[in-house]
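Topology and contacts: notes
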Amino acid sequence: MTRQVDVLVVGAGPAGLTAAARLAASGAGRVEVLDREQRAGGVPRHCAHGGFGSWRRPLTGPAYARRLVETAMSAGAVVRTGVTALDWAGPLALNTVGPGGPERIEARVILLATGARERPRAARLVPGTRPAGVYTTGELQQAVHLFGQRIGTRAVIVGAEPVSYRAADTVRASGAEVVALVTEAERAQVSRVRTQDARLRRGVPLLTGAGVAELLGHGRLSGVRVRHRDGRTAELACDTVVFTGGFVPENELARRGGLRLVADAGATSLPGVFAAGGLTHPGQSAAGAARSGARAAAAALRPPGAQAAAAVVGS
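Heads up: these notes are all about the structure in this document.

What counts and how
- Within any chain, residue numbers begin from 1 and follow the written order of that chain's sequence.
- The predicted origin of the model limits local features to residues at a pLDDT of at least 70 and limits the giving and counting of side-chain atom pairs to 80 or more, whereas totals for whole chains, interfaces and linings rest on all residues.
- Side-chain numbers come from the whole structure's heavy atoms, not from hydrogens or water.
- In this text, helices come from DSSP runs of H or I with a minimum length of four residues, and strands from runs of E with a minimum of two, each type numbered from the N-terminal end.
- How far a helix is expected to stretch is found by multiplying one less than its residue total by 1.5 Å.
- Think of it in three bands: with a 1.4 Å probe and only protein chains considered, a residue is buried below 20% of the maximum accessible area for its type, exposed above 50%, and partly exposed in between.
- Under this definition, polar contacts are N or O atom pairs within 3.5 Å; protein pairs additionally need one hydrogen-donor-capable and one acceptor-capable atom, and for neighbouring residues in sequence, both atoms have to be side-chain atoms.
- Definition used for salt bridges: Asp or Glu carboxyl oxygen within 4 Å of a side-chain nitrogen of Lys or Arg.
- A pair of strands is labelled paired if DSSP reports no fewer than 2 bridges between them.
- The contact definition used throughout considers only heavy atoms, calling two residues in contact when any of these lie within 4.5 Å.
- Under this scheme, a helix contributes an axis fitted over its contacting stretch, all axes are lines through C-alpha atoms, and angles between N-to-C directions fall in the 0 to 180 degree range.
- Roughly parallel refers to an angle under 35 degrees, roughly antiparallel to one over 145, roughly perpendicular to one between 65 and 115, and oblique to any angle outside these ranges.
- In this scheme the handedness of a crossing depends on how the near helix is turned from the far one: anticlockwise by less than a right angle means left-handed, clockwise means right-handed.
- Nonpolar residues are Ala, Val, Leu, Ile, Met, Phe, Trp, Tyr, Cys and Pro. Charged residues are Asp, Glu, Lys and Arg, and all others, Gly as well, are polar.

This paragraph deals with helix H7 (residues 286-301). Between its first and last C-alpha atoms H7 spans 23 Å; for 16 residues at 1.5 Å apiece the expected length is 22 Å, and the two agree. Inspection of H7 places Ala-286, Gly-288, Ala-289, Ala-290, Ser-292, Gly-293, Ala-294, Ala-296, Ala-297, Ala-299 and Ala-300 among the buried residues, and these make up the whole buried set.

This is how it looks when you write it as structure tokens:
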């Protein structure tokens, strides 16, 4: 089955939904958003903590996700979940599959907002056994906030980025203790206020210049071996370890299309195809992804000649 739309957005996170809202409100025609998840909203759906929205109207992650979906739909965009974009069926067409079966969708404009993911433990080449209790931040947030699961009692957080401290908050929200944050960097990649709050008020030490060299335990994690830059090693007893950061783009669809991304312009090497969010800037905040989606929408609304010029300049 083949169907036509005016604008097809792949990915219903902050970037895709913001772009869809802008395009629909600007009269771009039928704007349709696809997402392989069963619910739209992207990563913020899993983040029960605050820090989203604006200073005047702060929101939790789920509330922010709901607002993005409502804004896009109110503008006239159609949001379809449980639909996966499999491959390209032409320069401006995608093969998809969803609850209704396979479908080819053609569009005048395609905007990719497929996001990013954290590298799993295997991709970080951390040796040791394969015990239970090993998470990425996304897996941790889903386990705690979506499914209400208990993760363990003592957790080590690998990383010292903003997402690492959010993971520590999630660990505490689950009722577990944060043993330490461990990073190979010389300092935490957050404000001094944030690190001092974690160390002094929460009692969470920060180990810099160190990395997790081995996971210990059989069946269930029993600890991690930490190696310092000078070669010293130490064991931290824990039953949970959370690998944070290390984001890589979900670029399979872009790669299959042979696309070169023009990150700041929202354009790609293929006229009529645009990119936004974590696909172009892995690990950016939800607000940053939304701004990226707005820029990509603006690029898509330019006349075709201006779009082509942007792609050439960024190539």
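Picking up where we left off.
Let's shift gears to the side chain of Thr-244. Inspection of the secondary structure assignment puts Thr-244 in the loop between strand S17 (240-243) and strand S18 (247-249). Classification of Thr-244 as buried rests on a relative accessible area of 3%. Reaching out from Thr-244, the side chain makes a polar contact with the backbone oxygen of Val-158 at a distance of 2.7 Å. Within polar-contact distance, the side chain of Thr-244 engages the side chain of Ser-164 at 2.6 Å.

To continue, consider the pattern of salt bridges. Considering all chains together, one arrives at 21 salt bridges under this definition. With a shortest N-O distance of 3.0 Å, Glu-252 and Arg-256 are connected by a salt bridge. Remark: Arg-256 and Glu-252 occur in helix H6 (residues 252-256); sequence separation between them is 4 residues, near one turn of the helix. Since its relative accessible area comes to 36%, Glu-252 is described here as partly exposed. Overall, the relative accessible area of 46% leaves Arg-256 in the partly exposed class.

This part covers the sheet that holds strand S11 (residues 154-158). Here we have 5 strands laid out as an open sheet, ordered S10-S17-S11-S12-S13, and parallel in their pairing. Two strands bound the open sheet, and with one partner strand each, they are strand S10 (134-136) and strand S13 (206-207). As judged from the 5 bridges shared by S11 and strand S12 (residues 177-182), these two strands associate in the parallel manner. The partner of Val-156 across the bridge, within S12, is Ala-180. Across the sheet, helix H3 (residues 137-146) lies against S10 and S17, angled at about 100° from S10, the strand it touches most.

In this section: helix H2 (residues 61-75). Taking 1.5 Å of rise per residue, 15 residues should cover 21 Å, and H2 covers 21 Å from first to last C-alpha, within 8% of that figure. All of the buried residues in H2 are Gly-61, Ala-63, Tyr-64, Ala-65, Leu-68, Val-69 and Ala-72. Each element contacted by the buried residues of H2 is listed here: helix H1 (14-25), strand S3 (52-53), strand S4 (58-59) and H7. With its phi angle positive at about 115°, Gly-76 sits one or two positions after the end of H2.

A word on the sheet that holds strand S14 (residues 210-216). Strand order in the open sheet formed by 3 strands is S14-S15-S16, and the pairing between neighbours is antiparallel. The sheet is open, and its two borders are formed by S14 and strand S16 (233-237), each paired with just one other strand. Going across the sheet, the axis of each strand differs from the next one's by a mean of 30°, ignoring polarity. The pairing of S14 with strand S15 (residues 223-228) spans 6 bridges and is classified as antiparallel.

To continue, consider the packing of helix H4 (residues 162-173) against helix H5 (residues 192-201). For the pair H4 and H5, interaxial distance at closest approach is 12 Å and the crossing angle is 30°. Comparing their axes, H5 and H4 come out roughly parallel. Classified by chirality, the crossing of H5 by H4 is left-handed. Where H4 approaches H5, its residues Tyr-165, Arg-166 and Asp-169 are matched on the opposing element by Arg-194, Thr-195 and Ala-198. Looking at the contact of H4 with H5 residue by residue, the class counts come to 2 nonpolar, 1 polar and 3 charged.

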